[in-house]
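# Structural description and commentary
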Protein chains: 4
Amino acid sequence: MPSEFGNKLRVSIFGQSHGEAIGCVVNGFPAGEEIDFDALDRFLGRRRGGKNAHSTARAEADKPEFLSGVMDGKTCAFPLCAIIKNADTRSKDYSALKHTPRPGHADLAAHFKWGDNADMRGGGHFSGRLTAPICIAGGIAKQILERKGVFVGAHVSEIAGIKDESFPVFPDKAMLDEIADKKIPVISDQAGEEMLKKIEEARKNLDSVGGIVECVITGLPEGLGDPMFDGVENRLAQAIFGIPAVKGVEFGAGFGAAKLFGSENNDQMYFDENGRILSKTNHAGGILGGITTGMPVTLRAAFKPTPSISKMQNTVNLETRENTQIEITGRHDPCVVIRAVPVVEAVCALVILDMLIS
Amino acid sequence: MPSEFGNKLRVSIFGQSHGEAIGCVVNGFPAGEEIDFDALDRFLGRRRGGKNAHSTARAEADKPEFLSGVMDGKTCAFPLCAIIKNADTRSKDYSALKHTPRPGHADLAAHFKWGDNADMRGGGHFSGRLTAPICIAGGIAKQILERKGVFVGAHVSEIAGIKDESFPVFPDKAMLDEIADKKIPVISDQAGEEMLKKIEEARKNLDSVGGIVECVITGLPEGLGDPMFDGVENRLAQAIFGIPAVKGVEFGAGFGAAKLFGSENNDQMYFDENGRILSKTNHAGGILGGITTGMPVTLRAAFKPTPSISKMQNTVNLETRENTQIEITGRHDPCVVIRAVPVVEAVCALVILDMLIS
Amino acid sequence: MPSEFGNKLRVSIFGQSHGEAIGCVVNGFPAGEEIDFDALDRFLGRRRGGKNAHSTARAEADKPEFLSGVMDGKTCAFPLCAIIKNADTRSKDYSALKHTPRPGHADLAAHFKWGDNADMRGGGHFSGRLTAPICIAGGIAKQILERKGVFVGAHVSEIAGIKDESFPVFPDKAMLDEIADKKIPVISDQAGEEMLKKIEEARKNLDSVGGIVECVITGLPEGLGDPMFDGVENRLAQAIFGIPAVKGVEFGAGFGAAKLFGSENNDQMYFDENGRILSKTNHAGGILGGITTGMPVTLRAAFKPTPSISKMQNTVNLETRENTQIEITGRHDPCVVIRAVPVVEAVCALVILDMLIS
Amino acid sequence: MPSEFGNKLRVSIFGQSHGEAIGCVVNGFPAGEEIDFDALDRFLGRRRGGKNAHSTARAEADKPEFLSGVMDGKTCAFPLCAIIKNADTRSKDYSALKHTPRPGHADLAAHFKWGDNADMRGGGHFSGRLTAPICIAGGIAKQILERKGVFVGAHVSEIAGIKDESFPVFPDKAMLDEIADKKIPVISDQAGEEMLKKIEEARKNLDSVGGIVECVITGLPEGLGDPMFDGVENRLAQAIFGIPAVKGVEFGAGFGAAKLFGSENNDQMYFDENGRILSKTNHAGGILGGITTGMPVTLRAAFKPTPSISKMQNTVNLETRENTQIEITGRHDPCVVIRAVPVVEAVCALVILDMLIS
């Protein structure tokens with residue numbers, strides 16, 4: 001189902017970059033859950049651009065209006081609809097692109113699929129802007145999860161080859177909160193500074209860079225997930241690939257596990273002093289057979305570099321059927337990875353809450 | 001939905017390692033499609049163990065019986081059910097494990113989820129043996145796809161750090177067929193030999209190794225897939241994570257894209273002599289915005305090393321609630337990656353056929 | 001999935017009677033379909049109250065705003081969101097009802113399910129007002145279907161025991177249009193007049209009446225629908241029971257078929273002059289084995305009488321836990337059947353369009 | 001999804017009348033539930049033909065083999081597959097029918113949908129025989145429900161115009177059991193005798209009769225079901241229309257409610273001596289707003305007369321494209337309603353168990 005995911009908690013995302021509004025409908029939030037709108041605003045602020053040199057200059061208020069599903073500040077048992085009006089859109093910036101698909105963008109695919117019928121102004125429904133309603137839904141999900149003792153946190157694991165430290169095996173809430181409050185959500189601030197330099201360098205070169213977001217989910221009950229095609233990995237991966245620019249998802253040791261021996265990769269178990277079954281490593285990322293073991297769930301999502309770059313690139317003219325070149329102007333973020341951190345958290349929170357209430 | 005996937009083509013897998021039979025129900029195969037049973041047997045043979053030193057000694061005939069969905073050798077419009085009877089099961093090998101979950105296995109997760117109620121003999125429904133019915137379903141899907149000019153092929157991309165060559169940007173059917181016929185499905189036979197050595201080495205050390213399978217799908221129409229959460233990547237990833245031991249999935253340049261500049265990662269387009277829009281690189285893996293561009297779809301799946309190893313490992317005794325150790329005996333494949341190659345093809349074929357007929 | 005239905009064409013309805021707005025998100029409309037907004041307004045007008053003595057006095061403008069999915073008056077490939085702001089809500093009318101569930105309403109069920117957490121003001125998400133966004137979605141679906149030669153029409157088949165004529169075996173578009181334009185959508189205007197009298201009588205008695213809507217879908221291709229649980233009947237019934245107050249759905253001869261002999265009920269086939277296979281009767285309602293035969297699809301939906309009546313009724317006080325009585329005041333429609341006619345058409349159009357594009 | 005239904009409890013039915021076997025896969029039965037195989041056999045016996053003059057002479061052993069999902073007589077957490085081998089099939093009886101679709105059968109629809117590719121021997125996948133695996137799945141579901149205090153029972157409410165009494169408002173388990181044990185599952189044995197006479201009469205006239213099955217579900221918790229399109233009615237109706245020959249489904253007063261005044265139809269509530277909220281009538285069939293109220297859920301399903309009759313009927317020859325006539329020979333049940341009673345129970349049990357565990 002395009003633009004939708006979830007089983008008992010269903011999330012539907014709508015809107016085009018240059019349409020009237022973007023928004024979400026979430027069906028299945030538990031009833032009576034208080035929404036901390038200030039906390040939600042802060043969460044949305046982490047995704048929002050315009051603050052720093054390294055993100056797009058488009059000033060988005062991103063102030064959500066709640067049309068349904070909320071009464072007296074609480075979820076009220078029925079579908080929640082929240083919208084963000086589109087104000088500051090400059091369609092003329094993009095009109096020149098109509099017949100010259102931008103390399104690395106959905107333009108060409110959209111052309112093949114819908115001809116001229118799709119509203120691709122500003123990227124249309126594929127725009128990174130559509131991650132705002134994902135964050136509204138996910139921000140609320142995070143609040144509900146926290147009340148259940150489940151915490152979702154993420155950091156920039158890598159940008160342009162610069163690596164942050166990894167999460168420890170058992171990250172605590174304080175650590176996740178501290179990272180979330182940083183301008184650059186990293187563990188090592190030094191790594192963060194170097195990343196910013198790389199981003200600025202790319203920007204000056206009219207280029208862009210990619211990176212990796214690492215996410216952890218703590219406090220999950222054991223036994224969550226179902227065998228084969230409905231495990232925690234299947235569900236999370238399916239949803240995370242819905243975030244624009246994601247090209248890879250791995251859990252625990254992930255691709256690195258392919259290089260380990262079984263004796264290295266297996267997480268050997270022990271009873272801790274409280275009788276909980278734990279392991280000192282977490283190569284499984286908290287998931288075995290698709291099902292949670294009680295260890296933190298960990299995953300990493302790879303983001304390709306922003307395809308919108310100002311460098312001259314080869315492309316085709318769909319009208320004249322000739323090869324041509326393109327220089328993309330307009331406001332573009334040379335690195336979406338920093339802003340993607342809360343988006344990954346949002347998607348994970350929604351999937352996990354769905355699994356918890358199913 | 002556990003043990004099931006697909007929309008219009010729905011695949012349901014059933015069976016436990018030591019139950020009566022394992023099998024699949026496939027709902028939605030186009031009617032009137034001839035099944036080449038010999039070709040299907042050869043395909044199943046690629047997955048089957050017992051031939052080589054590097055795979056499990058359990059002799060599985062894996063001869064499928066078709067209970068429904070077939071008439072006069074053709075699909076007959078109705079759900080296809082095929083089963084494989086379980087003959088050679090030695091439950092006693094596993095009975096000792098009942099209270100000592102094997103590190104890296106689903107045992108612990110199953111214990112948390114179902115207590116003693118799950119049939120975990122021989123790994124139960126989590127056993128790699130359950131990939132046989134996936135291959136029955138997927139083998140038929142491959143045959144149907146071939147008639148549509150769509151080819152699915154895979155090779156061992158890496159085992160224990162030894163890397164095979166990558167697929168060229170436009171692999172042809174002959175190449176895919178040639179790889180499939182090899183004892184070790186690789187492009188570079190020398191890499192294959194080295195992989196076998198590493199596997200043998202691990203076996204001697206009572207250990208195991210992991211690896212990566214690369215898969216390509218050629219001949220796809222443009223415009224397949226839907227935005228956000230129902231794109232080709234979402235669907236393939238969701239299903240591929242259903243293959244036991246998969247811990248990561250990436251498309252095109254995948255995690256490597258995170259290290260590239262936008263100007264490097266973007267696939268610049270041109271019209272070829274036949275007026276087709278192509279690109280010289282395929283970092284997007286044939287997918288932009290979740291939708292096919294007409295370039296081959298490429299992906300890689302990371303497999304962790306077989307968790308069943310004969311080395312002594314720490315674990316817990318769920319009955320005595322004490323820490324203990326375990327030495328896993330019985331027949332175990334020190335590397336599942338080679339046998340996983342047709343399984344990845346099977347899953348990809350099923351997902352792609354589903355998308356083509358939806 | 002609550003408040004949602006459909007496979008490739010997915011309809012999601014949100015909003016509470018006294019919330020900010022009600023609306024729909026429709027995912028999967030074919031791209032490039034022109035929306036005739038005037039025709040849509042006329043269609044919505046058929047559902048709207050306030051015109052006649054027999055419907056509620058609440059003045060609803062019901063003017064939809066389109067937030068997404070539309071560009072230059074056409075569907076634009078992406079999810080369509082339309083909303084109707086709630087203006088004229090008088091919550092105080094309903095506040096007294098909080099602890100005294102109204103007989104025949106969802107109040108009691110909602111109390112059991114959500115305690116005080118559900119927004120049940122004015123019926124909340126269960127209000128008949130929520131059929132307005134269904135009609136927005138369905139009205140557009142009807143327009144798209146008409147371009148494919150598929151026509152959906154309905155009439156009041158019965159109110160308070162007064163029966164209209166039945167549709168002929170092959171109703172034409174002109175007939176359906178003529179009925180739709182009537183103040184009371186019936187075939188026999190005399191029956192319509194008698195129905196109005198019965199409604200007025202009920203209103204004077206502080207009571208209400210129920211009835212039956214008959215719907216026909218013509219121009220359908222043969223072979224639509226899938227066996228067993230995914231046939232045309234399964235899909236239509238599942239969705240039609242989503243319309244408030246529906247308590248029964250039957251196809252073709254329906255419950256009447258239970259009284260016929262096989263020799264009477266079977267529709268005997270013949271080739272007509274154009275080589276089409278037809279039958280003189282249509283007891284099957286155009287569906288055999290869940291699959292269309294090319295004959296018109298016919299169905300009937302039974303609506304219970306409006307539960308909101310001003311007569312004194314017995315109920316319980318959930319706070320004091322004592323038996324009590326209730327007199328429901330406020331504006332209530334003594335018969336929803338007339339306004340339900342376009343709603344039935346809307347739901348059928350959405351289901352059928354979904355099946356046609358799947 | 002054809003031949004499948006359910007959310008957390010998923011039922012998939014496979015097989016053709018003249019194929020190797022028919023069967024079911026059920027995914028999601030709670031683990032550790034004991035299966036009383038004798039009780040299951042008795043339940044299947046209620047559906048089985050061959051015992052009486054009024055049902056088909058085909059001797060079906062209908063003995064299910066369990067291929068998966070069961071260990072030590074209990075559900076074992078994984079998909080349950082049960083099959084019934086097809087032994088006594090006489091394909092030649094049906095070969096003559098290949099080009100002359102039988103009136104009232106799926107033959108014509110199948111021809112339009114699949115041409116000659118569908119296995120329609122003996123009705124193929126549309127055969128009433130496919131209700132046997134539904135009863136295996138549903139019989140187990142009934143056993144699980146009984147342990148939760150939920151009872152599902154049904155009776156023949158009407159055959160050929162002869163009506164049985166209705167269930168009382170609160171039928172108890174003893175009554176349901178007593179009815180189930182009868183040769184003709186009716187409340188009034190006299191009505192049952194008259195029904196049998198009517199069936200025998202029809203048989204002698206080479207004709208058939210239809211009827212109605214009434215089903216009740218007691219012991220349900222309040223608050224089951226979700227608003228609009230995912231209520232108890234939507235789910236039950238969707239599944240019940242999957243039973244061959246069903247043409248109508250109604251809940252509570254159903255179509256009769258259309259003739260009542262609101263003051264008659266509304267179920268007025270009171271606290272009983274135990275503080276439970278009940279009503280003296282149950283026109284709502286235990287469901288308001290799609291959600292259970294704690295009153296018994298009641299429904300009725302209308303079955304058309306068996307389409308296979310030996311009387312001469314008009315039909316078409318699809319090969320010669322000429323009008324022709326047909327006399328259907330072979331073994332046919334002149335009334336499926338009696339055997340349909342446990343099938344309705346089975347489907348209801350599966351839907352309700354699904355909703356209870358979701």
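Scroll up to find the structure.
Read on for a plain summary of the structure.

Moving on, we come to the environment of Phe78(C). Looking at the secondary structure, you find Phe78(C) in the loop between strand S6 (74–75) and strand S7 (80–85). Linking Phe78(C) and Ala39(C), residues 39 residues apart in sequence, is a C-alpha distance of 22 Å. Residues within four places of Phe78(C) in sequence aside, it is in contact with Gln16(A), Trp114(A), Ala118(A), Asp119(A), Met120(A), His125(A), Phe126(A), Pro227(B) and Gly69(C).

All names here are of chain C. Ordered in space as S1-S2-S3-S7-S4, the five strands form an open sheet in which the pairing is antiparallel. Of all the strands in the sheet, just strand S1 (4–5) and strand S4 (65–68) have a single pairing partner and so form its edges. Sheet strands in contact with helix H4 (residues 131–147) are strand S2 (10–14), strand S3 (21–27), S4 and S7, and its direction is about 30 degrees off that of S3.

When chain B is fitted onto chain C, the two copies agree to an RMSD of 0.0 Å after a turn of 180 degrees and an axial shift of 0.0 Å. Given the turn and translation reported, the copies of this chain are related as if by a two-fold rotation axis. Among all C-alpha atoms of chain B, that of Ser358(B) lies closest to the rotation axis, at 3.0 Å. Looking at chain B, 100% of its interface residues are interface residues in chain C too, so the copies touch through the same face.

Further remarks concern the pattern of salt bridges. Pairing between side chains of opposite charge can happen when their charged atoms approach one another. Taken as a whole and judged by the stated rule, the model has 80 salt bridges over all chains. One salt bridge connects Glu233(B) with Lys247(A), and the closest N-O pair in it is separated by 2.7 Å. Of the two residues, Glu233(B) is situated in helix H7 (residues 232–240) and Lys247(A) in strand S11 (residues 246–251); the pairing between them involves two chains. Note on accessibility: Glu233(B) and Lys247(A) belong to one class, buried. Asp177(D) is the salt-bridge partner of Lys173(D), the closest N and O atoms lying 2.4 Å from each other. With Lys173(D) and Asp177(D) both in helix H5 (residues 173–181) and four residues apart, the pair spans about one turn of that helix. Relative accessible area serves as the criterion here: at 30%, Lys173(D) is assigned to the partly exposed category.

Moving on to the interface of chain B and chain A. With 99 residues of chain B at the interface, the matching set in chain A holds 99 residues. Between chain B and chain A, the buried area comes to about 7,900 Å², and carbon and sulfur atoms account for 65% of it. The interface formed by chain B and chain A contains six salt bridges. Taken together, the links from chain B to chain A amount to 39 residue pairs in polar contact (both at pLDDT 80 or more). In terms of residue count, strand S11 (residues 246–251) of chain B provides more of the side of chain B that touches chain A than any other element does, six residues in total. Within the side of chain B that touches chain A, the residues separate by chemical class into 49 nonpolar, 31 polar and 19 charged.

Moving on, we get to the interface of chain B and chain C. Each partner contributes to the interface: chain B provides five residues, whereas chain C provides five residues. For the pair chain B and chain C, the two sides together bury roughly 320 Å², of which 63% comes from carbon and sulfur. Taken as a group, Lys8(B), Pro227(B) and Ser358(B) account for 74% of the area that chain B buries against chain C, more than any other trio of residues on that side. Where chain B touches chain C, the interface holds zero salt bridges. Joining chain B to chain C, the criterion identifies zero residue pairs in polar contact (both at pLDDT 80 or more).

The subject of this paragraph is the relation of the copies chain B and chain A. With an axial shift of 0.0 Å and an RMSD of 0.0 Å, the rotation relating chain B to chain A amounts to 180 degrees. Same-surface contact between copies: 100% of interface residues of chain B are shared with the interface of chain A.

Residue and element names in this part refer to chain B. Here five strands make up an open sheet; going across it, the order is S1-S2-S3-S7-S4 and the pairing antiparallel. Sheet topology places strand S1 (4–5) and strand S4 (65–68) at the edges, where each strand pairs with a single neighbour. Both strand S2 (residues 10–14) and strand S3 (residues 21–27) contribute to a ladder of five bridges, which runs antiparallel. Bridge assignment links Val11 to a residue of S3, and that residue is Val26.

Looking now at the packing of helix H1 (residues 37–47) of chain C against helix H9 (residues 337–357) of chain C. Angle between the axes and distance between the axes: these two values describe a pair of packed helices. Residue and element names in this part refer to chain C. Two elements in contact, H1 and H9, have axes whose closest approach is 6 Å; the angle formed by their N-to-C orientations is 130 degrees. By the angle between their axes, H1 is oblique relative to H9. Facing Phe43, Arg46 and Arg47 of H1, the residues of H9 in contact are Arg339, Val341, Pro342, Val343, Glu345 and Ala346. When the residues that make up the contact of H1 with H9 are grouped by side-chain class, the tally is five nonpolar, no polar and four charged.

For the rest of this paragraph, the subject is the packing of aromatic side chains. Counting across every chain of the model gives 26 aromatic pairs over all chains. With centroids separated by 6.2 Å and ring planes inclined at 45 degrees, the aromatic side chains of Trp114(B) and Phe126(B) adopt a geometry described as tilted. Here Trp114(B) is found in helix H3 (residues 107–114), whereas its partner Phe126(B) is found in the loop between H3 and helix H4 (131–147), with twelve residues between them in sequence. With centroids separated by 5.6 Å and ring planes inclined at 85 degrees, the aromatic side chains of Phe126(B) and Phe78(D) adopt a geometry described as edge-to-face. Highlighted residues: Phe126(B) in the loop between H3 and H4 and Phe78(D) in the loop between strand S6 (74–75) and strand S7 (80–85), drawn from two different chains. The pair formed by Phe126(B) and Phe78(D) is uniform in burial state, with each residue classed as buried. Taken together, the ring pairs connect Phe78(A), Trp114(C) and Phe126(C) into an aromatic cluster. Directly above the aromatic system of Tyr270(A) lies the positively charged group of Lys280(A), at a separation of 5.1 Å from the ring centroid.

Residue and element names in this part refer to chain D. Look at helix H4 (residues 131–147): 24 Å from first C-alpha to last across 17 residues, which is about the 24 Å you get at 1.5 Å a residue. Within H4, 15 of the 17 residues are buried, which leaves it mostly tucked inside the rest of the structure. Just beyond H4, the residue with positive phi is Gly149, at close to 80 degrees.

The phi dihedral of Asp72(B) falls on the positive side, at around 50 degrees, and the residue is not glycine. Within the secondary structure, Asp72(B) is located in the loop between strand S5 (70–71) and strand S6 (74–75).

Where burial is concerned, most of strand S17 (residues 313–317) of chain D is hidden: four out of the five residues are buried. Remark: four residues form the turn of the hairpin made by S17(D) and strand S18 (residues 322–326) of chain D, two consecutive strands paired antiparallel; Arg321(D) in that turn has positive phi of roughly 60 degrees.

Residue and element names in this part refer to chain B. For strand S10 (residues 211–218), a buried count of eight out of eight residues is recorded, marking the element as mostly surrounded by other parts of the structure. Side chains Gly211, Val213, Cys215 and Ile217 project from S10 onto one buried face, and the interleaved Ile212, Glu214, Val216 and Thr218 project onto a second face that is buried too. In this sheet, S10 lies alongside strand S8 (residues 151–159) in antiparallel orientation, the contact comprising eight bridges. In the strand pairing of S10, Val156 is matched with Val213. Here S10 runs beside strand S16 (residues 297–303); their pairing, made up of seven bridges, is antiparallel. Of the residues in S16, the one forming a bridge with Gly211 is Phe303.

Attention now goes to the packing of helix H1 (residues 37–47) of chain B against H4(B). Residues and elements named next belong to chain B. Close contact between H1 and H4 brings their axes to 9 Å; oriented N to C, the two are set at 140 degrees. Our classification of the angle between H1 and H4 gives oblique. The two elements H1 and H4 meet at a crossing, and its hand is right-handed. Judged by residue contacts, Ala39, Leu40, Phe43, Leu44, Arg46 and Arg47 of H1 engage Thr131, Ala132, Cys135, Ile136, Gly138, Gly139, Ile140, Lys142 and Gln143 from H4. Of the residues belonging to the contact of H1 with H4, the class tally is eight nonpolar, four polar and three charged.

Rules behind the numbers
- Residues numbered from 1 in each chain as written.
- Chains lettered and ligands numbered in written order.
- Predicted model: local features only at pLDDT ≥ 70, side-chain atom pairs only at ≥ 80, totals over all residues.
- Heavy atoms only, no water.
- Helix = DSSP H or I, 4+ residues; strand = E, 2+ residues; numbered from the N terminus.
- Contact = heavy atoms within 4.5 Å.
- Pairing = 2+ DSSP bridges.
- Axes fitted to C-alpha atoms, helices over the stretch in contact; angles between N-to-C directions.
- Least-squares fit on C-alpha atoms with pLDDT ≥ 70 in both.
- Salt bridge = Lys/Arg side-chain N within 4 Å of Asp/Glu carboxyl O.
- Buried < 20%, exposed > 50% of the residue type's maximum accessible area, 1.4 Å probe, protein only.
- Buried area = accessible area lost by both parts, 1.4 Å probe.
- Polar contact = N/O pair within 3.5 Å; in protein donor to acceptor, adjacent residues only side chain to side chain.
- Nonpolar A, V, L, I, M, F, W, Y, C, P; charged D, E, K, R; others polar.
- Parallel < 35°, antiparallel > 145°, perpendicular 65-115°, else oblique.
- Phe/Tyr/Trp six-rings, centres within 6.5 Å; stacked < 30°, edge-to-face > 60°.
- Lys NZ or Arg CZ within 6 Å of the ring centre and 35° of its normal.
- Expected span 1.5 Å × (residues − 1).
- Left-handed = near helix turned anticlockwise from the far one by under 90°.

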